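Coordinate analysis (summary)
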Amino acid sequence: MFLRQVWVLLHPPSSLVIAARKGISPPIGSVSQMAHIRLGKKEEGRNPLIKDFVPLATLDDLVFGGWDPLSPNVLEAARTCGVLDEKDLAPMAAELEGIVAMDAVFDRTWVSRLDGVRVKDLASKWALTMALIEDIERFRLDNGCDRMVMVWCGSTEAYSEPAACHETVDAFEAGLKADDPAIAPSQMYAYAALQSDVPFANGAPNLSVDLPCMLELAKARGVPVAGKDFKTGQTFMKTLLAPGFKARMLGMRGWYSTNILGNRDGEVLDAPENFKSKEMSKLGVLDTILQPEVYPELYGNIDHVVRINYYPPRGDNKEGWDAIDIFGWLGYPMQIKVDFMCRDSILAAPIVLDLALFMDLAHRAGESGVQEWLSFYLKAPQQRGESDIEHDLFIQQTKLKNTLREWMGEQPVTHSEVG
Ligand SMILES: NC(=O)c1ccc[n+]([C@@H]2O[C@H](COP(=O)([O-])OP(=O)(O)OC[C@H]3O[C@@H](n4cnc5c(N)ncnc54)[C@H](O)[C@@H]3O)[C@@H](O)[C@H]2O)c1
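Owing to the predicted nature of the structure, the values given are computational and were not obtained by experimental measurement.

1. Concerning the overall build of the protein
Secondary structure summary: the protein contains 17 helices and eight strands in total. Expected size for 419 residues packed as a compact globule is a radius of gyration near 22 Å; at 21 Å, the protein falls within 12% of this value. Once the C-alpha set of the protein is aligned to its principal axes, its extents read approximately 65 × 50 × 50 Å. Burial status across the protein gives 45% buried among its 419 residues. For the protein, long-range pairs separated by at least 24 residues make up 76% of all intrachain contacts whose partners lie at least 6 apart in sequence.

2. Describing the site of the ligand
For the ligand, the set of nearby residues contains 32 residues, the closest of which are Ala204, Arg264, Asp265, Asp344 and Ala348. Contributing elements (two or more residues each) for the shell around the ligand: α4 (74–81), α12 (264–269) and α16 (344–364). Tallying contributions element by element places α16 first for the shell around the ligand, with four residues. Here the shell around the ligand is built from residues that sort into 19 nonpolar, eight polar and five charged. Two domains each put at least three residues into the shell around the ligand: domain 1 (11–230 + 346–407) and domain 2 (234–341).

3. Some words on the sheet that holds strand β6 (residues 319–327)
Neighbouring strands of a sheet are bound in pairs by backbone hydrogen bonds; such pairs are parallel or else antiparallel. Taking strand neighbours across the sheet as the criterion, the four strands line up as β5-β4-β6-β7 in an open arrangement whose pairing is mixed. Only two strands of the sheet have a single partner each, and these edge strands are β5 (303–310) and β7 (333–341). Mean inter-strand twist for the sheet, computed between neighbouring axes without regard to direction, equals 10°.

4. Considering the packing of helix α8 (residues 169–177) against helix α10 (residues 212–221)
At a minimum axis separation of 8 Å, α8 and α10 run at an interaxial angle of 115°. Judged by the sense of rotation from one axis to the other, the crossing of α8 with α10 is left-handed. Residues Val169, Ala171 and Phe172 of α8 form the contact with α10, whose participating residues are Cys213, Glu216 and Leu217.

5. Points about α16
Taking 1.5 Å of rise per residue, 21 residues should cover 30 Å, and α16 covers 31 Å from first to last C-alpha, within 8% of that figure. Counting buried positions along α16 yields 18 of 21 residues, so the element is predominantly enclosed.

6. A look at the domain arrangement of the protein
Domain boundaries assigned for the protein yield domain 1 (11–230 + 346–407) and domain 2 (234–341). Domain 1 and domain 2 are separated by 25 Å when their C-alpha centres are compared. Opposite the 24 residues of domain 1 that make contact, domain 2 presents 25 residues. Its residues assigned to classes, the side of domain 1 that touches domain 2 shows 11 nonpolar, six polar and seven charged.

7. What about the environment of Gly227?
Mapped onto the elements, Gly227 comes out in strand β3 (residues 224–227). When the C-alpha atoms of Gly227 and Asn206 are compared, they prove to be 9.6 Å apart, with 21 residues separating the residues in sequence. Gly227 has contacts with Ala201, Asn202, Ser208, Val209, Asp210, Leu378 and Gln382, leaving out every residue within four places of it along the chain.

8. Topic: helix α11 (residues 234–247)
With 14 residues, α11 extends 20 Å from end C-alpha to end C-alpha; this agrees with the ideal 20 Å at 1.5 Å per step. Every buried residue of α11 is accounted for by Gln234, Thr235, Lys238, Thr239, Ala242 and Lys246. The buried residues of α11 occupy one face: seen down the axis, they fall within an arc of 130°. Residues of α11 that are exposed and angled more than 90 degrees away from the buried face: Gly244 and Ala247. Positive backbone phi, at 55°, marks Met249, one or two positions downstream of α11.

9. What about the pairing of β6?
Bridge count for strand β4 (residues 251–261) against β6 is nine bridges, and the pairing is antiparallel. What sits directly across from Ile260, in β6, is Glu319.

10. Observations regarding the sheet that holds β3
Pairing within the open sheet is parallel, and its four strands lie in the order β1-β2-β3-β8. Edge strands, defined here as strands with exactly one partner in the open sheet, are β1 (150–152) and β8 (369–370). In this sheet, strand β2 (residues 200–202) lies alongside β1 in parallel orientation, the contact comprising three bridges. The residue bridging Trp152 from the neighbouring strand is Asn202, located in β2. Helix α9 (residues 185–195) contacts β1 and β2 of the sheet and is inclined by roughly 170° relative to β1.

Each value, and the rule that gives it
Residues numbered from 1 in each chain as written. Predicted model: local features only at pLDDT ≥ 70, side-chain atom pairs only at ≥ 80, totals over all residues. Helix = DSSP H or I, 4+ residues; strand = E, 2+ residues; numbered from the N terminus. Rg over C-alpha atoms; globule rule 2.2 N^0.38 Å. Buried ≥ 20, exposed ≤ 12 C-beta atoms within 10 Å, placed from the backbone. Contact = placed C-beta atoms within 7 Å. Near = placed C-beta within 6 Å. Nonpolar A, V, L, I, M, F, W, Y, C, P; charged D, E, K, R; others polar. Domains from an automatic or database assignment. Pairing = 2+ DSSP bridges. Axes fitted to C-alpha atoms, helices over the stretch in contact; angles between N-to-C directions. Left-handed = near helix turned anticlockwise from the far one by under 90°. Expected span 1.5 Å × (residues − 1). Arc of directions from axis to C-beta.

Structure, rendered in structure tokens:
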């Protein structure tokens, strides 16, 4: 098997894979590489690594590519972002420098805080999108790729609602030709990927493959999609803790979340229209976990507030504070404080790797359209049909592992005492 992939540039995933290949560090945080999966009954003792159980591409199979309006190559991007120290970058510097960014489709209307310089200069959105399709094809030929996956790791775009041009593939193509202002760059990348039969996962909170036209195209071309917004720091904590409170039937009165973040992501999110995309993606999780409509006396009156503040001294080392107000019997209040001093991109890189490998696996398994079983990795997961979105991390993990078991002809594990 020989998988070669194209990714919109995010330097941490490529660094993570190169460091693992060189034996510098195992890919800590990657479920596909490090987690085991139980098969059959506990007493059977069958517990292989996921990567040995399902036919995933190996890390040696991967090549990286992408577009960026600012950084000429991944090494420069890594230095600008300051996630890894120079001593950790040094052994991989040559390889990272060799991953050269293609000129981006970029529009400041959607990311007002960045001023793109390595940008395609073409007359229409249609021409720009065709240029992306050509880039993908050139990359495929130059690198001898058998298969590709695209993971959107670009900046969060300004909040927007679906418009008429997003309703069908025909309407979207007409919109590209008419330079419809409702079409954002990330949507042009998504269209280019799907038209090239490349699975697409969206790591940002803005609209892209969660649009009717993209779902129609993904189905028509038989290509998997997933989104949106990597579940890394505070929302990861929230979807760990909230299921626990609910499991014990403890009430909740409020959850106040605030973050300070000093990287480029934080700078982009400092613009109110971009923050709104993030806020919408972060706010959704509590309601679906706690089900206030089923438990009104416990969860019917919750104040849920999310803030992000751009604070340059912290760089990529985000600090997320949560003040959680819960209550017990007779309504007695209790408080829980969480202070998560995390490293955003150290948490995000293994998610990008797993999404790419699992999206490729899904494609080979004949899957197309929304991959709900990958919600485990996402803050605002897309779902098939009308059912409620599942945010509980433990249910998401069960769904991911049972999907793999079923694909490989194994029984789902229910943890039941019976049978
Ligand atoms: N890093 C994380 O932990 C994390 C977690 C959850 C979600 N996300 C989301 O992932 C995205 C990337 O996060 P990040 O921390 O790497 O941000 P970043 O600012 O470090 O990197 C984003 C990159 O995208 C580039 N870009 C912007 N518009 C582009 C376009 N039209 N085409 C190609 N490239 C474009 C920028 O130049 C920049 O290099 C953001 O939307 C962020 O909200 C990141």
